[in-house]
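If you want the building blocks of each chain, they are given just below.
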Amino acid sequence: MTTQEKLNGSVMGTYGRFPVVLEQGSNNICTDENGKSYIDFGSGIGTSSLGYCNDAWVEAVCKQAKSLQHTSNLYYTKVQADFAEAICKQTGYSKLFFCNSGAEANECAIKLARKYSFDKYGKGRHTIITLVNSFHGRTMCTLSATGQDVFHNYFFPFVEGFRYAEANNIDDLKSKIDDTVCAVMMEYVQGEGGVNALDKSFVDAVYEICAEKDILVMADEVQTGVGRTGTFLAGEQFGHKADVTTLAKGIAGGLPMGACLANEKCAGVLDKGSHGSTFGGNPVCCAAGLAVLSTVTSEGFLEEVQKKAAYIREKLNTMEGIRSVSGLGLMIGIELENKTALDVVNAALEQGLLLLTAKTKVRLLPPLNITYDEIDKGLAILAEVLK
Ligand SMILES: *Cc1c(COP(=O)(O)O)cnc(C)c1O
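This is a predicted model, so every value here is computed, not measured.

This next bit is on the overall build of the protein. Helix and strand counts for the protein stand at 13 helices and 17 strands. For the protein, whose C-alpha radius of gyration is 21 Å, the value lies close to the compact-globule estimate of 21 Å for 387 residues. Judged by the C-alpha coordinates and their principal axes, the protein covers about 60 × 50 × 45 Å. For the protein, the computed accessible surface area is about 18,000 Å², with 52% contributed by carbon and sulfur atoms. The centroid of the 36 positive side-chain charges in the protein is displaced by 4 Å from the centroid of its 45 negative side-chain charges.

The next thing to look at is the environment of D32. Position of D32 among the secondary structure elements: in strand β2 (residues 29–32). Through-space distance from the C-alpha of D32 to that of V21 is 5.4 Å; in sequence the pair is eleven residues apart. If sequence neighbours within four positions are ignored, D32 has contacts with V20, V21, L22, E23 and Y38. Within the structure, the side chain of D32 is placed 2.9 Å from the backbone nitrogen of N34, a separation counted as a polar contact.

Around the ligand, a shell composed of S101, G102, A103, N106, F135, H136, E187, D220, V222, Q223 and K249 is seen. At 3.2 Å from a nitrogen atom of the ligand is found a main-chain nitrogen or oxygen belonging to F135. At 2.7 Å, a side-chain N or O of Q223 approaches an oxygen atom of the ligand. Its free accessible area being 380 Å², the ligand has 81% of it covered by the protein chains. The element best represented in the shell around the ligand is helix α5 (residues 102–121), accounting for three residues. Counted by class, the shell around the ligand contains three nonpolar, five polar and three charged residues.

Read from one edge of the open sheet, four strands run β13-β14-β17-β16, paired in antiparallel fashion. The sheet is open, and its two edges are formed by β13 (322–328) and β16 (356–358), each paired on a single side. On average, adjacent strands in this sheet sit at an angle of 30 degrees to one another, irrespective of strand direction. Relative to strand β17 (residues 361–364), strand β14 (residues 331–336) is paired through three bridges, and the arrangement is antiparallel. Looking at the pairing, I332 lines up with L364 of β17. Set on the sheet, helix α11 (residues 301–317) makes contact with β13, β14 and β17; between it and β13 the angle comes to about 165 degrees.

Further remarks concern the pattern of salt bridges. Taken as a whole and judged by the stated rule, the model has 14 salt bridges. With its nearest N and O atoms 3.6 Å apart, the salt bridge here joins D271 to K115. Placement of D271 in the loop between β12 (258–262) and α10 (283–296) and of K115 in helix α5 is noted, with a sequence separation of 156 residues between them. A residue is classified by how much of its surface remains accessible, and D271, at 41% relative accessible area, is partly exposed. Taken together, the shared-partner salt bridges connect K120, D214, D243 and K265 into one network.

For the protein, the domain assignment lists domain 1 (3–54 + 300–386) and domain 2 (58–296). With 29 residues of domain 1 at the contact, the number on the domain 2 side is 30 residues. Between domain 1 and domain 2 the total buried area reaches about 2,300 Å² when both faces are included, carbon and sulfur atoms providing 60% of it. Broken down residue by residue, the surface that domain 1 buries against domain 2 is led by L328, M331 and K359, which jointly contribute 28%. One can count one salt bridge joining domain 1 with domain 2. Its salt-bridge partner being E192, residue R363 comes within 2.9 Å of it at the nearest N-O pair. Of all the secondary-structure elements, those providing two or more residues to the side of domain 1 that touches domain 2 are α2 (43–46), α11, β13, β14 and β17. If one sorts the elements of the side of domain 1 that touches domain 2 by residue count, α11 sits on top with four residues.

Here seven strands make up an open sheet; going across it, the order is β4-β12-β11-β10-β7-β5-β6 and the pairing mixed. In the strand order of this sheet, the two ends are held by β4 (95–99) and β6 (162–165), each with one partner. Averaged over all neighbouring strand pairs, the angle between strand axes comes to 20 degrees, with direction disregarded. When strand β5 (residues 127–131) meets strand β7 (residues 181–186), the two strands line up parallel, connected through three bridges. Among the inter-strand pairings, I129 is bridged to a residue of β7, identified as V184. Against the sheet, helix α4 (residues 78–91) engages β4, β11 (244–247) and β12, with an angle of about 130 degrees to β4. Of the strands in this sheet, β5, β7 and β10 (216–220) touch helix α8 (residues 200–213), which is tilted by about 160 degrees from β7.

All right, on to the pairing of β12 then. For β12, the tally of buried residues reaches five of five residues, placing the bulk of the element in the interior. Here five bridges tie β4 to β12, and the two strands are oriented antiparallel to one another. In the strand pairing of β12, C99 is matched with G258. Relative to β12, β11 runs antiparallel, the two sharing four bridges. When the sheet's bridge partners are listed, L247 is paired in β12 with A259.

Calculation notes
- Every residue gets a number counted from 1 within its own chain, in the order that chain's sequence is written.
- Local features in a predicted model are, by the rule used here, given only for residues with pLDDT of at least 70; side-chain atom pairs are given and counted only at 80 or more, and totals for whole chains, interfaces and linings are based on all residues.
- Note that water and hydrogens are dropped before the side-chain values are worked out from all heavy atoms of the structure.
- Each helix corresponds to a stretch of at least 4 residues labelled H or I by DSSP, and each strand to a stretch of at least 2 residues labelled E; elements are numbered beginning at the N terminus.
- Note that the radius of gyration is over C-alpha atoms, with the globule rule given as 2.2 Å times the number of residues to the power 0.38.
- Values of accessible area rely on a 1.4 Å probe in the Shrake-Rupley scheme; residue burial ignores everything except the protein chains shown.
- His residues and chain termini do not enter the charge count, which takes Lys and Arg as positive and Asp and Glu as negative.
- Just so you know, the charge point we use is NZ for Lys, CZ for Arg, CG for Asp and CD for Glu.
- Residue contacts are defined here by distance: any two heavy atoms, one from each residue, within 4.5 Å place the two residues in contact.
- Polar contacts, as counted here, are pairs of nitrogen or oxygen atoms within 3.5 Å of one another; within protein the pair requires one atom able to donate a hydrogen and one able to accept it, and residues that are adjacent in sequence qualify only if both atoms are side-chain atoms.
- Here a residue counts as near a molecule or strand whenever at least one of its heavy atoms sits within 4 Å of it.
- When residue character is reported, Ala, Val, Leu, Ile, Met, Phe, Trp, Tyr, Cys and Pro are called nonpolar, Asp, Glu, Lys and Arg charged, and the others, Gly included, polar.
- For two strands to be treated as a pair, DSSP must find no fewer than two bridges joining them.
- Fitted lines through C-alpha atoms serve as axes, helices being fitted only where they are in contact, and the angles separating the N-to-C directions of these axes extend from 0 to 180 degrees.
- Put simply, a salt bridge is a Lys or Arg side-chain nitrogen that is within 4 Å of an Asp or Glu carboxyl oxygen.
- The rule is simple: take the accessible area with a 1.4 Å probe, protein chains only, and divide by the maximum for that residue type; under 20% is buried, over 50% is exposed, in between is partly exposed.
- Here the bounds of each domain stem from an automatic or database domain assignment.
- Two parts placed together each lose some accessible area; with a 1.4 Å probe, that loss summed over both constitutes the buried area.

See below:
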């Protein structure tokens, strides 16, 4: 029996998997069971931000695994303290909550927003506005938060209290706000929705309206955060700091980790007993996160991400078969002229290049430390496939 048959025989069929069995990786190249290698422009959907088995990352993870792999949050660990302090210091947030995924980080943000409002105003101010075409996760609550009808099937009843406003439409947003609203949650660049960055003027208006009414702004930076867009948080490029920011995906370089960051106004809302997670802040994941954080914030690293992003975008802009290029930094969406995104991804896979899709676009989320040599090789394959 092949690995594919075995897996499909025992794992629920929730994914459309490509017919490849990946076995190992080094730097930004991975190898399948037949020894065929692939340049990775997807980083495991933006998680392996330093590529495969980065030296500093491996060392940090192994060292922690050998000393203390887990203890519950009934106790303290130094590595969790170090990681939390480092994130707060880097981002300017007061406090954070650790969990294991993007959906969980958003669950935490949603609970925080509702309790913030309950504590201050009492019952009834619980509505959260998210944007049409957003993606916030797969749990019942984050499915409700996700502003796409395709996600609102089968699993009724969903969690109530969400309303969807059109991205970049200030009038629509205003029309959705009433006395029941406690928060607006948004992605600065909608990732799964098609790699579309919000207009700066829309983001400005969201912050202005929310400040007037003491409505929390919550930035879902699960995909855009930790250097992906060329700054540590994408919000920096919009000139704003949300009351609450969520992180996951690339935060620990490929280990499960999520965080919900709160500013001074919100840092005390989730108090003893109001939230929790068995695995959240796991020592090995924190050690991995520290290795990622210290690399991403090291001298010149983010400038280099910006340069590589500009380099890739420039090359894409002159490539045959591409209508437009979207996104921010190393979060890149490619609108195609004639081919479908899935056909391009399949053809690239055949040629040894891993790509992602986002709606009708091809999506690139290369490792943040990808080399120019790997970029050139990958783009040469893409150009060939697009011809
Ligand atoms: C991937 C993603 C999520 C969900 O993260 P999981 O770790 O899969 O739960 C939430 N929000 C955004 C913006 C994402 O890109």
